[in-house]
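# Per-entry structural report
Residue-level listing of the chains:
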Amino acid sequence: MQLIMNPGQLDEQVFELSDDAVTIGRTKESSICVLHKSLSRRHALLQREGERLFLIDLDSKNGTFVNDLRIQRCELFGGEIFQCGEVRFKLVPLSREIALDLLPTQVQALQTRFSPASMVDLLEAMPEPGSTTALKVKHGRAEDRARDKLQVLLKVSQLLSSPDSIDALMERVLQLVFQIMQVDRATVLLVDPASGQLRPRVAKSLTGELPTGQFYSQHIVDYVRTHSVAALFSDARVDPRLGNADSVFQQSIRSSMCAPLKPRDELLGVLYVDNLTRPHGFSEEDLEFLTAFANQAAIALDNSLLRQRIEEEAVLRNTYLRFFPPATLKKLQLTRSAPLEVIETEVTILFADICQFTALSSTLEPRQVVDLLNEYFPVMAEIVFRHEGTLEKYIGDALMAVWGAPFAHSDDVDRAVRAAVEMQQALAGLNARWRAQGRAEIQIHVGLNTGRVAAGNIGSEQYVQYATIGDATNVASRVCSVAGPGEICLTHTTLEGWPERSFSVSPLPPALVKGKKEALRIYRVEWCGEPTQ
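Residues numbered from 1 in each chain as written. Predicted model: local features only at pLDDT ≥ 70, side-chain atom pairs only at ≥ 80, totals over all residues. Heavy atoms only, no water.

### Things to note about the sheet that holds strand β14 (residues 231-233)
One open sheet accounts for five strands, arranged β13-β12-β16-β15-β14; its pairing is antiparallel. Only two strands of the sheet have a single partner each, and these edge strands are β13 (198-205) and β14. On average, adjacent strands in this sheet sit at an angle of 15° to one another, irrespective of strand direction. With three bridges connecting them, β14 and strand β15 (residues 255-261) associate as antiparallel partners. Looking at β15, one finds that Ala231 is bridged to Cys258. Of the strands in this sheet, β12 (185-191), β13 and β16 (269-275) are in contact with helix α3 (residues 166-180), which crosses β13 at around 50°. Sheet contacts for helix α4 (residues 218-227): β12, β13, β14, β15 and β16; angle to β15, the most-contacted strand, approximately 40°. (Pairing = 2+ DSSP bridges. Helix = DSSP H or I, 4+ residues; strand = E, 2+ residues; numbered from the N terminus. Axes fitted to C-alpha atoms, helices over the stretch in contact; angles between N-to-C directions. Contact = heavy atoms within 4.5 Å.)

### Some points on the environment of Val191
Mapped onto the elements, Val191 comes out in strand β12. On the accessibility criterion, Val191 (22% relative accessible area) is partly exposed. Along the backbone, Val191 and Arg201 are ten residues apart, and their C-alpha atoms lie at a distance of 9.7 Å. Every residue in contact with Val191, bar those within four places of it in the chain, is listed here: Gly196, Gln197, Leu198, Arg225, Leu267, Leu268 and Gly269. (Buried < 20%, exposed > 50% of the residue type's maximum accessible area, 1.4 Å probe, protein only.)

### Let's talk about helix α11 (residues 471-482)
Between its first and last C-alpha, α11 extends 17 Å over twelve residues, near the 16 Å set by a 1.5 Å rise per residue. Listed as buried for α11 are Ala472, Thr473, Val475, Ala476, Val479 and Cys480. For α11, the buried positions fall inside an angular range of 160° around the axis, keeping them on one side. Summarising the contacts, the buried residues of α11 are in contact with β17 (343-354), β19 (398-403), β20 (444-457), β21 (466-469), β22 (488-491) and β24 (522-525). (Expected span 1.5 Å × (residues − 1). Arc of directions from axis to C-beta.)

### Observations regarding unusual backbone geometry
Residue Ala405 is joined to Pro406 through a cis peptide bond whose omega torsion reads 5°. With respect to the helices, strands and loops of the structure, Pro406 is situated in the loop between β19 and α10 (412-436). Positive phi, normally seen in glycine, also occurs at Asp59, with a value near 55°. Position of Asp59 among the secondary structure elements: in the loop between β6 (52-57) and β7 (64-66).

### A short note on the pattern of salt bridges
According to the stated counting rule, one finds 22 salt bridges in the structure shown. Of the charged contacts, one joins Arg386 and Glu422 as a salt bridge, the two residues approaching to 2.7 Å between their closest N and O atoms. Of this pair, Arg386 sits in helix α9 (residues 366-386) while Glu422 sits in helix α10, and the two are 36 residues apart along the sequence. What makes Glu422 partly exposed here is its relative accessible area of 22%. A salt bridge links Arg524 to Glu526, with the shortest nitrogen-to-oxygen separation between them at 3.2 Å. Taking relative accessible area as the criterion, Arg524 reaches 25% and is therefore assigned partly exposed. Owing to a relative accessible area of 27%, Glu526 belongs among the partly exposed residues under this scheme. Salt bridges here are not isolated pairs; linked through shared partners, they connect Glu375, Arg433 and Arg439. (Salt bridge = Lys/Arg side-chain N within 4 Å of Asp/Glu carboxyl O.)

Laid out in structure tokens, this is it:
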């Protein structure tokens, strides 16, 4: 069997287990020596008893754990993960140890000579003295070296494939660069979507101190971006491609490599590395490897950005579902939500309010009030969406909807009036059901007004609240308060924008409302009769 230490991490190591007892600890006397502060000198023991394998804790200070439970003695099975202190181990059976008569639901691991080994097995601590390459890959023969470089790239692909934030992924890219190559400094620069400029996102140096200021050569990254090719500057100070680049001398750059991060046609950014002490510190072999490495990193970064974009769009879509009907959502997706920027436009606003709701609530239990609203609001919202209106908000027991924003229709007023009528008709159906159940019935009054407002996303990017702000909104609310139970009332401006009326209207006495010096001209929609067309 094999034991994998810290599987999937940069310091992953693979140990072959013999049939003898195997000790795990912090000293060289242990069969598996791991120099980690959380391990005791003699931490744990792996011991066979026939065909069974047991894990035994040797009175360690920080404990031995299986399935997050601290154990003293526990039987282990293939594929199981255990932890000594803070170090994780995974027990992996070799293919020859797996029975040939596998059940259909069992899976056998496939081991080939191209299966990624651990980085520790593939790399040297430093390139050999006199080496012409910065790569720390083992083996001198060309055939073995080519195989091991492929193994390293396979391991890189594996380590960059796990989902993570874009910043964490870029940090991992630089960790791998320093683990695989002898470089002094490295950075990942990404294209800023707003300015189109390359901006450094993460940086790392061999000394452990983060570089300050612009430590890289702008000429080098601009050259790579312009030509969209990886480039080697073996002696940057005399390279004719850089001319008299001041940054090369100011930053003491002796040799440098830079590769584009370009998973498809669009450039995401560049990966830059340099050496401050040796001219000719990098070779053509190093450039070839960095190009392949950058391709792996670009794919991982592109996937991370795509995942981030999908998550953001999913959150935004779920938010938009509260406001907009499906037809509007499709238009917003095509225009990348541009219409949600604040604009001034003419809209028709509808307010629907439950009559005497405060008095009704006092006769019901709080849960009964919630149940009533949860049955009432979805029916009303569906009517708004069916007429392609925007459901702006719920205000207690009131509902506010808008026609004309973010997209306008030539018949927005007619859509709003028809929606109001359908609300009254749908409420009659709800009341009939509640009456049969012995529950309380309700009535609503509806007010409509047409006018200019500022419409758009009001608030922050993190909190989406589509709203219409203006006096027209306030007037619609006042008209709603004028309407009686079961009535639909509208203003003169709404009537003027409704040339082809599907219902007759009756003028009401002018009404003085809060916030207005002059009385409003208000009309009642005679919705109980048959539509006029």
